[in-house]
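Single-letter residue listing:
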Number of protein chains: 2
Amino acid sequence: MRSSQVTIKDIARILGISPSTVSRALKNHPDISEETKVAVNELALKLKYQPNAVALSLKHSRSNTIGVIIPEIVHYFFSSVISGIEDVAYEAGFTVIICQSNEKYDREVANAKMLLSHRVDGVLVSISKETTNFDHLVMLQEGGLPLVFFDRIVPEIIADQVIINDEEAAYKATKHLIENGRRRIAHFAGPQNLLIGRDRKEGYLRAIREAGLQADPQLIIDADTYEKALIATNHLLTMDNPPDGIFATNDLTAIGAMQSLQKKGIKIPQQIAVVGFSDGRFSGITEPNLTSVDQHGYEMGSVATEILLNRLLSPSETYVPQTRVLSANLIVRGSSK
Amino acid sequence: MRSSQVTIKDIARILGISPSTVSRALKNHPDISEETKVAVNELALKLKYQPNAVALSLKHSRSNTIGVIIPEIVHYFFSSVISGIEDVAYEAGFTVIICQSNEKYDREVANAKMLLSHRVDGVLVSISKETTNFDHLVMLQEGGLPLVFFDRIVPEIIADQVIINDEEAAYKATKHLIENGRRRIAHFAGPQNLLIGRDRKEGYLRAIREAGLQADPQLIIDADTYEKALIATNHLLTMDNPPDGIFATNDLTAIGAMQSLQKKGIKIPQQIAVVGFSDGRFSGITEPNLTSVDQHGYEMGSVATEILLNRLLSPSETYVPQTRVLSANLIVRGSSK
DNA sequence: TTGAAAGCGCTAACAT
DNA sequence: ATGTTAGCGCTTTCAA
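Keep in mind it's a predicted model, so treat the numbers as computed, not measured.

**Student:** A description of the interface of chain B and chain A should follow, citing residues and the corresponding values.
**Tutor:** Counting residues at the interface gives 59 residues for chain B, matched by 60 residues for chain A. Between chain B and chain A, a total of about 5600 Å² is buried, with carbon and sulfur atoms accounting for 56% of that surface. The largest per-residue losses of area from chain B upon contact with chain A belong to B:Gln5, B:Arg119 and B:Ile285, which jointly make up 12% of the total buried on that side. Applying the counting criterion to the chain B and chain A interface returns six salt bridges. On inspection of chain B and its partner chain A, the count reaches 23 residue pairs in polar contact (both at pLDDT 80 or more). Taken together, the elements giving at least two residues each to the side of chain B that touches chain A come down to helix H4 (53-60), helix H5 (76-91), strand E2 (95-100), helix H6 (105-117), helix H7 (135-142) and helix H11 (251-263) of chain B. Residue contributions to the side of chain B that touches chain A peak at eight residues, all from H5(B). Each residue belonging to the side of chain B that touches chain A can be placed in one class, and the counts come to 26 nonpolar, 22 polar and eleven charged.

Here it is in structure tokens:
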């Protein structure tokens, strides 16, 4: 095992020339004779020489690697974001190191240190549900790493951001329910320390108020997981005055709601309409199909990466952070009409 | 921007001592005086010193990094595998570089070269649907990198493998349909250049034969994507003698089948029963719920990583590749009974 | 046209 | 108890 890999020195030794000549020949330096170039390149091919990226990173203080800190890979939205990141990075010859925080603050901090230690050139971040202190991210910036936030951004930190307009999307979703005659609309809210959680709730409230409806605090329930949604739905059904619509902060909770409702024999959408958020593979699969906000994961990943690579490849003196807001459209399906 | 990061030299210069003393102090070397240790560690903390993993990799010819080559992240199965990989690697202080082949041979080759170039210590691989030539993977082995295959393995290459018993699982799934009275069972087959595709078909055929049923080639259709499943299902329904059961090579095709059937007013499972493969988030969401083989993605990822790390951390002279077969159980739900 | 030497950050054998 | 030196693989300035 561990038969060490071919280096420039090996090629130099075999050919009886110096390492620097080999290096130059490999990058087609004009000074090198055609003869030498051919010999070097042929041998390199034969020995399956692969440049040592580690040595290059050390030499250039540039790793051609970007880091990603993401809550959990096993969500369709996040895995599509990664897919977008990967594709753009691959095209540009960049390597991607992906770290999951698993929604844990401590692990997110460890991830940040690890990326700093690996001297990645920049980092894409979507913070965990637990994160309320951002020193570890500031540390990255202080280390000279450009940061690009996506989806779960940190307004307190000055950096590039890629988001959808969560407030607007939530507003549209709620308004859609109202326009379909719903008057008591419940909201399954996400964590309020995340901006997306607050924004979605805000949008919901704006639509309610604008329609002259009463915002009932009892109808706003913290429920951002499938399990919590099951409980929350059953709770809603015990009320004297149960809701006639539910706007959930993500698709999984919307589906939890649908299943609880159907188990109790409630008709969707006739008795209670349901709308989700973050259109994934699920929405077309439920019966009825789920109305949901399309969150454009792949596009978010690719745009965020383009912004980051742009910072890396053409650094400007005047750093003006940009915020890209992707349009989020409501896809209306059977669960709400 | 690009304010370079703190190094051991910086600390040495500030403290007026040599870099090697700093290095030793940081790793709590017994020779170093308590006084110096305290001074060094305090300053390191204050300056937020993070060891340069790149320099360490070069020095030790060991990157503490493992590579992963995976077809597509945006599949629940693969993303749960990654989750298992990540968790085990994280615990052991290893970094993970994930590459997607996007089911393309060329990109898989590029991924392999990239990982070799980055001098990862070992690689976890699940090959693409297109891959029939394995030189790029042999190249990794020749470069001294231990390989561990999972799910989509390559029997031609001598290496560790983690799989479920696909043949057995497919047999069980088909037998289950037969025991429920089905006599004409269709199979949506995966790519036959993948062993898992062949094995699943084999298991299907064995169950059919064992029950004394006729294997009808017309009932075996290449369909491994959602779209293909829609077409295949409609095709089946045009037959004079349509099937009364479908065993699909994955859940997405099973769901495609269910939706096509329901659109035509066919009752599931009364008229046609459906069984999928690779139990994911979907199975509990369809109506009726989907009977499926649980593929244990997370476990597959964690076991594969443990095997790889074991090879790395305690290399033995006698290399005996192991094959770990995880038990795969059929989860029976409403779509088939 | 090619080679020698220095250095990226760190460690470890070898001084002192 | 601490410093000096060499080297991991590669590039690049300077010298020949």
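The discussion continues.
**Student:** Quick one: what's the story with the pattern of salt bridges, residue by residue and with numbers?
**Tutor:** Within this structure, the stated rule accounts for 30 salt bridges over all chains. Of the charged contacts in the structure, one is a salt bridge between B:Glu86 and A:Arg107, with a shortest N-O distance of 3.2 Å. Pair noted here: B:Glu86 is in helix H5 and A:Arg107 is in helix H6 (residues 105-117), and the two residues belong to different chains. Residue classification places B:Glu86 among the buried residues on the basis of a relative accessible area of 6%. Put simply, A:Glu167, A:Glu168, A:Arg206 and A:Glu210 are held in one network by salt bridges that share partners.

**Student:** Mind laying out the relation of the copies chain B and chain A, listing which residues take part and the relevant values?
**Tutor:** With an RMSD of 0.1 Å, chain B superimposes on chain A once it is rotated by 180° and translated 0.0 Å along the axis. As the rotation angle and translation indicate, the two copies are arranged about a two-fold axis. Taking C-alpha positions as reference, the residue of chain B nearest the rotation axis is B:Ile97, located at 2.5 Å. Most of the interface of chain B is mirrored in chain A, where 100% of its interface residues are also at the interface.

**Student:** How would you summarise the layout of surface pockets if you had to cite specific residues and measurements?
**Tutor:** Considering only enclosed or pocket space, the second largest pocket measures out at about 970 Å³ in volume. Residue lining of the second largest pocket: 28 residues in total, with A:Thr7, A:Tyr49, A:Asn52, A:Ala55 and B:Arg119 positioned closest to the centre. Secondary structure elements with two or more residues in the lining of the second largest pocket: helix H1 (8-15), helix H2 (19-26) and helix H4 (53-60) of chain A together with H4 of chain B. The element contributing the most residues to the lining of the second largest pocket is H4(A), with five residues. Here the residues of the lining of the second largest pocket sort into ten nonpolar, eleven polar and seven charged.

**Student:** Any details on the protein's contact with DNA strand D? Residues and values, ideally.
**Tutor:** In the vicinity of DNA strand D there are 25 residues, among which A:Ile8, A:Tyr49, B:Ser20, B:Thr21 and B:Lys59 approach most closely. When the atoms of DNA strand D within 4 Å of the protein are sorted by group, sugar and phosphate make up 65%. For DNA strand D, a base nitrogen lies 3.4 Å from a polar atom in the backbone of A:Ala55. Here B:Arg24 contributes a side-chain N or O atom positioned 2.7 Å from a base nitrogen of DNA strand D. Those elements that place two or more of their residues in the surface near DNA strand D are H1, H2 and H4 of chain A together with helix H2 (19-26) and H4 of chain B.

**Student:** Outline the UniProt feature "domain: HTH lacI-type" (unreviewed entry) in chain A, supporting the account with residue identities and numerical values.
**Tutor:** Per the UniProt entry, the sites bearing "domain: HTH lacI-type" (unreviewed entry) are residues 6-60 of chain A in this numbering. This span, residues 6-60 of chain A, is 67% helix and 0% strand, and a straight line between its end C-alpha atoms measures 21 Å.

**Student:** How would you sum up unusual backbone geometry? Please name residues and give values.
**Tutor:** Between A:Ile268 and A:Pro269 the backbone carries a cis peptide bond, its omega angle lying at 5°. Put simply, B:Glu287 and B:Pro288 share a cis peptide bond, and its omega is -5°. Following the sequence through the fold, B:Pro288 ends up in the loop between strand E9 (273-277) and strand E10 (291-293). With phi around 55°, A:Asn64 is a residue other than glycine that occupies positive phi space. Within the secondary structure, A:Asn64 is located in the loop between H4 and strand E1 (65-70). In this structure A:Asn64 comes out as partly exposed when scored by relative accessible area, which is 30%. Even without being a glycine, B:His296 presents a positive backbone phi close to 50°. Inspection of the secondary structure assignment puts B:His296 in the loop between E10 and helix H12 (297-313).

**Student:** How would you explain the state of the cysteines if you had to name every residue and give the values?
**Tutor:** A complete count under the given rule lists zero disulfides over all chains for this structure. Sulfur of A:Cys99: no disulfide; nearest cysteine sulfur belongs to B:Cys99 and is 14 Å away.

**Student:** Any chance you could break down the packing of helix H5 (residues 76-91) of chain A against H6(B) for me, citing the residues and the numbers?
**Tutor:** Orientation of H5(A) relative to H6(B), taken along the N-to-C sense of each, is 75°, at an axis distance of 13 Å. Relative to H6(B), the element H5(A) lies roughly perpendicular. Along the contact surface, H5(A) presents A:Glu86, A:Asp87 and A:Tyr90, while H6(B) presents B:Arg107, B:Ala110 and B:Asn111. In the contact of H5(A) with H6(B), the residues fall into two nonpolar, one polar and three charged.

Definitions and cut-offs
Residues numbered from 1 in each chain as written. Chains lettered and ligands numbered in written order. Predicted model: local features only at pLDDT ≥ 70, side-chain atom pairs only at ≥ 80, totals over all residues. Heavy atoms only, no water. Contact = heavy atoms within 4.5 Å. Buried area = accessible area lost by both parts, 1.4 Å probe. Salt bridge = Lys/Arg side-chain N within 4 Å of Asp/Glu carboxyl O. Polar contact = N/O pair within 3.5 Å; in protein donor to acceptor, adjacent residues only side chain to side chain. Helix = DSSP H or I, 4+ residues; strand = E, 2+ residues; numbered from the N terminus. Nonpolar A, V, L, I, M, F, W, Y, C, P; charged D, E, K, R; others polar. Buried < 20%, exposed > 50% of the residue type's maximum accessible area, 1.4 Å probe, protein only. Least-squares fit on C-alpha atoms with pLDDT ≥ 70 in both. 1 Å grid on protein atoms, 1.4 Å probe; cavity = no way out; pocket = protein on both sides within 12 Å on 5 of 7 lines; lining within 4 Å. Points joined across faces, edges and corners; volume = space filled by probe spheres on them. Near = heavy atom within 4 Å. UniProt positions renumbered as here; feature names shortened; annotations may be inferred. Disulfide = S-S within 2.5 Å. Axes fitted to C-alpha atoms, helices over the stretch in contact; angles between N-to-C directions. Parallel < 35°, antiparallel > 145°, perpendicular 65-115°, else oblique.

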